Amino acid sequence: MSATEQFAPQTGEEVTRKLGVDLEKGLSASAAAERLEEQGPNKLQEAHQRSLWRVLLDQVRNIVILILVVAMLVAIVSGQWPEAIAVAAVIIINTGISFVSEWNAMQSMQALYRMSESKVKIRRDGVALDVNSEELVAGDIVLLSRGNLVAADLRILEAENLQVNEAALTGESVPVSKTVKPVAADAPLAEQSGLLFKGTSVTEGCGIAVVVATGMDTELGSISRMVQDAAAMKAPLQKRLDRLGGRLGWVALSCGLAVTAAGLLMGRPLQQMIETGIALGVAAVPEGLPIVATIALARGMWVMAQRNALIRRLSAVETLGATRIIFTDKTGTLTDNKMVLRTLDTDAGSVEIADDVKPSGSQEALLLRLLEIGVLCNNATLEGADNEDVQGDPMEVALLEAGKRYGILRAEKLQMQPEQREVPFDPSVMMMATYHLSRDGCEVMVKGAPGAVLESCSRIAESDGNTRELNNQDRKYWQARCDELAGEGLRILAFADKQVDNKDIEPYQELRFIGLVGLLDPPRPDVRNAIDECERAGIRVVMVTGDQPRTAEAIARKTGLGEPEEELAVMHGKDLKNLNQLDHEDRKQIHATDVFARVSPEQKLNLIQLYQNAGETVAMTGDGVNDAPALKKADIGIAMGQRGTDAARQVADMVLRDDAFSSIVAAVRQGRVIFGNIRKAVIFMLCTNAAEVLAVAVTAVSGAPLPLLPLQILFLNVVTDVFPALALGVNKGNPCVMHHPPRDPGEAVLTAKQWKAIAGWSILIAACVLAALATGLQGFQVPQNTAVTMSFLTLGFAKLWFVFNLREPDSRLLSNDIVRNPWIWASLALCTSLLFIAVHLPGLSDVLQTTPLTAAQWGAVLGISLIPFFVGQSIVKISIYFH
């Protein structure tokens, strides 16, 4: 049992006695020093972070990089310095990109640490003094006032209109009232009214409390520990590319060793076979793949930034595209995070408030009276022409805004009816009152919880302006009406008034009931369409909130969560069992639940674990410190940029600048496009790389000259491969990408059908390369260097034309996403120029060992290189392998 759970059910006297502290004097300096030595400073432990060198080492612990390192070392030992330098350059580029991306993303807990850095007013040795929050110990008496940050977990001893913003911990959208009353130890965090928690803040009132937990023993410390313990899930694309790279690395190593050994057994010179082994190792590894994947994802980041989604981790772009479950918060994500007045209920009837509708007729007097009380019995402020300067409780602000819309301005009303006295909101009676000067003496205006207000009323205002007795039937009606409005997700306030002779008369007796107001944090206008789009795309949206079940259910219905013709499944946090206690039926019920309400941080973490264990790719939205563990555990954590805490933003993979759910859906769409683009780029590079391996292996075993030299292969893979692949990576994608369900979470980057396609195309392209070599040696009877130049150029141009074989299914030859992509044409023009330069530029041609060709030889190269293109366009639609 935690310290807070231990002290929650105890009275203030019991808590101070158990902690050995006097309320009036506080701890002595010596006792505080002893406890500080025993308990340690009141701060959160820093999570261990890898060193810069460890991050760098992790980048080279990759089979692809290791193969290239081996090839570089072999080239150095054998004296092949140009090859060694070229391979080293590829290693530096690939590891450098990964290193910079990961190092920049290594932030997680700094915001939580900053929450500990504050001054606290306490009482020690009978004297009030300010101390650093890190010096707090259990038993310290803390003096609280408006604006204070709560620096430890506290048990409240005295409270006067004490209200606290706990949104960062509980997700509660409005400040909560605090009392000295004990509560059950197992009550949800949001209902622990006698406790204050580290990281929250006092918004109204004042109080005195005693420290019951510090540092990592606080609720915030528990969350911090969960963040540190939560294993950050590796993104699906990252996993798949790692697996693919590993397989290709072993293929490259096997091919190189096998062919080298076979050549040596056939009596080939050692130097030649070393050169062949390097060529095969380099050919089998798509050196440009990390560059292409990184740039494609980076462009996805840029596109999403235009839609208010900031990506902190590159691979998170694609992860969204594989998402099957989105756990979303309610407040501010599905809703506007702004309370508005929705209904006015009086004896004259009920009115739904709209921007262009004003009360009239018999309703007008009572409805305007409701608004008048709401404006005067109020502590919020609303200034500026566009209400930009707002302070106070969100519900009170909403009342001021509604009054302003109907011409009832607080400042003007106070000039006519000056406030003489205020009785602050008291959680024990659940009401507040203000006294205002009137022509007949003094007017009392009261607002509060409906049950409390009705209990204090003896009369009710009628629609004709008269007043009658409030009987039992009236009370039952208004209580039923309250239940009805609460079922719609509204927060209800009741209003009453009375006329008295002076301001000293008791405010909460013999009141006249005026009516009810219903306030709501309304759903965002675009949420329903966004959720509908998710459903069409096979993505399930589940609400996970700290709010009340009835409020959560009402918003879920308004936003279209769940099956249209089925009843919403809502589960309270208290009904969620630990993972190790769940049986088959429990898991089935949880998977069928649409709304989880009043959930704790640990329960959010368990929900994510449960769905991940079932093979789902899970996205999680959150804004508070309490969401940080779940955001880190999810396959992709999505933090709110406007209302989110620094702690949530630091551990998230994506931050929404507008806090809008529709931005998540746009990111999902872009993630799917990105994965499709990267898949095309991988197929493009592997088809041509495998063709290089086949061509080199065949000639090495048969005794023919190598059709490609190691530096020529590197030139093609890193230079002429990368630009077309990058162009494929920035395709706009299929407009119908959200009309299909998500990929299977276990689906590889390349499926069996795609591997078969790669094998077929590789054989065809390799045959063209060998045909070009044979044409040079046998047809034109040119020297070996010239023949190798022909095979080198044939492969280079075949790669370029092959891009057009990667169009979408059933698309037209001249109207498809490839043809319409201007970057494709730019890359073709650039790579064509680079191939000409490789042959004719002195220095580069010497390094690559190429020679100029005649017009007839150029014609042969272009003709042979076009064969795969014509085969692809006339016989095979390779794009059918994308689905």
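Attention here is on the structure that accompanies the text. Position labels on residues start from 1 in each chain and follow its written sequence. A pLDDT threshold of at least 70 governs which residues receive local features in this predicted model, and a stricter bar of 80 or more applies before side-chain atom pairs are shown or counted, although totals over entire chains, interfaces and linings include all residues. Water and hydrogen atoms play no part in the side-chain values, which are based on all heavy atoms of the structure.

1. Brief notes about the overall build of the protein chain
For helices the rule is a DSSP run of H or I covering at least 4 residues; for strands it is a run of E covering at least 2, with both sets numbered from the N terminus onward. A count of helices and strands for the protein chain gives 33 helices and 26 strands. Only protein chains enter the accessibility calculation, which uses a 1.4 Å probe; a residue whose area is less than 20% of its type maximum is buried, one above 50% is exposed, and one in between is partly exposed. Relative to its full complement of 883 residues, the protein chain shows a buried share of 55%. Relative to all contacts within the protein chain whose residues are 6 or more apart in sequence, the contacts with residues 24 or more apart total 73%. As displayed, the protein chain has an accessible area near 36300 Å², and 55% of this comes from carbon and sulfur atoms. Whether two residues are in contact is decided by their heavy atoms: any pair within 4.5 Å suffices. Note on areas: these come from Shrake-Rupley sampling with a 1.4 Å probe, and a residue is covered only by the protein chains present in the view.

2. Looking at the packing of helix H27 (residues 722-729) against helix H30 (residues 822-840)
Following both chains from N to C, one finds H27 and H30 inclined at 180°, their axes separated by 8 Å at the closest point. As the angle between them shows, H27 and H30 are arranged roughly antiparallel. Contacts between H27 and H30 involve Phe 723, Pro 724, Ala 727 and Leu 728 on the former and, on the latter, Trp 823, Ile 824, Ser 827, Leu 830, Cys 831 and Leu 834. Amino acids outside the nonpolar list (Ala, Val, Leu, Ile, Met, Phe, Trp, Tyr, Cys, Pro) and the charged list (Asp, Glu, Lys, Arg) are all regarded as polar, and Gly is one of them. When grouped by side-chain class, the residues that make up the contact of H27 with H30 number 9 nonpolar, 1 polar and no charged. Interaxial angles span 0 to 180 degrees and are taken between N-to-C directions of axes, which are lines fitted to C-alpha atoms, for helices over the stretch in contact. Put simply, angles under 35 degrees are roughly parallel, angles over 145 are roughly antiparallel, angles from 65 to 115 are roughly perpendicular, and the rest are oblique.

3. Observations regarding the sheet that holds strand S25 (residues 636-640)
Pairing is mixed in the open sheet, where 8 strands are placed in the order S8-S26-S25-S24-S9-S21-S23-S22. Whereas interior strands pair on both sides, the edge strands pair on one side only; in this sheet they are strand S8 (309-311) and strand S22 (570-572). Across the sheet, the mean angle from the axis of one strand to that of its neighbour is 20°, orientation sign disregarded. In short, DSSP must find at least two bridges between two strands for them to pair. For S8 and strand S26 (residues 654-656), the ladder comprises 3 bridges, and the chain directions are antiparallel. Residue pairing for S26: Leu 310 is matched across the bridge by Val 655.

4. Some points on the pattern of salt bridges
Any Lys or Arg side-chain nitrogen located within 4 Å of an Asp or Glu carboxyl oxygen qualifies as a salt bridge. In the structure shown here, the tally under the stated rule is 27 salt bridges. The salt bridge involving Glu 692 is made with Lys 799; its shortest N-O contact spans 3.3 Å. One end of the pair, Glu 692, is in helix H25 (residues 661-702); the other, Lys 799, is in helix H29 (residues 784-802), and 107 residues separate them in sequence. The two residues Glu 692 and Lys 799 agree in class, both being buried. A salt bridge links Asp 721 to Lys 799; its shortest N-O distance comes to 2.6 Å. Residue Asp 721 is located in the loop between helix H26 (710-720) and H27, and its partner Lys 799 is located in helix H29; the two are separated by 78 residues in the primary sequence. Each of the two residues, Asp 721 as well as Lys 799, counts as buried. Each of Arg 369, Glu 372, Lys 413, Glu 443, Asp 497 and Arg 512 takes part in salt bridges that share partners, so that together they form one network.

5. Focus: the packing of aromatic side chains
Two aromatic rings, drawn from Phe, Tyr or Trp (for Trp, its six-membered ring), form a pair once their centres lie within 6.5 Å of each other, and the interplanar angle then sorts them: stacked below 30 degrees, edge-to-face above 60, tilted otherwise. Taken as a whole and assessed by the stated rule, the structure comprises 12 aromatic pairs. Taking 5.4 Å as the distance between ring centres and 70° as the angle between the ring planes, the aromatic pair formed by Trp 761 and Phe 802 counts as edge-to-face. Linking Trp 761 in helix H28 (residues 752-779) with Phe 802 in helix H29, this pair joins segments that are 41 residues apart in sequence. Both residues of the pair, Trp 761 and Phe 802, belong to the buried class. An angle of 20° between the planes, with centres 5.9 Å apart, marks the rings of Phe 797 and Trp 801 as stacked. With Phe 797 and Trp 801 both in helix H29, this residue pair falls 4 residues apart, about one helical turn. Side by side, Phe 797 and Trp 801 carry an identical accessibility label, which is buried. Clustering of aromatic rings is evident, with ring pairs tying together Phe 797, Trp 801, Phe 836 and Trp 858. The aromatic ring of Phe 675 is capped on one face by Arg 743, whose charged end is 3.5 Å from the ring centroid. Geometrically, a charge over a ring is one whose NZ (Lys) or CZ (Arg) sits within 6 Å of the ring centre while staying within 35 degrees of the ring normal.

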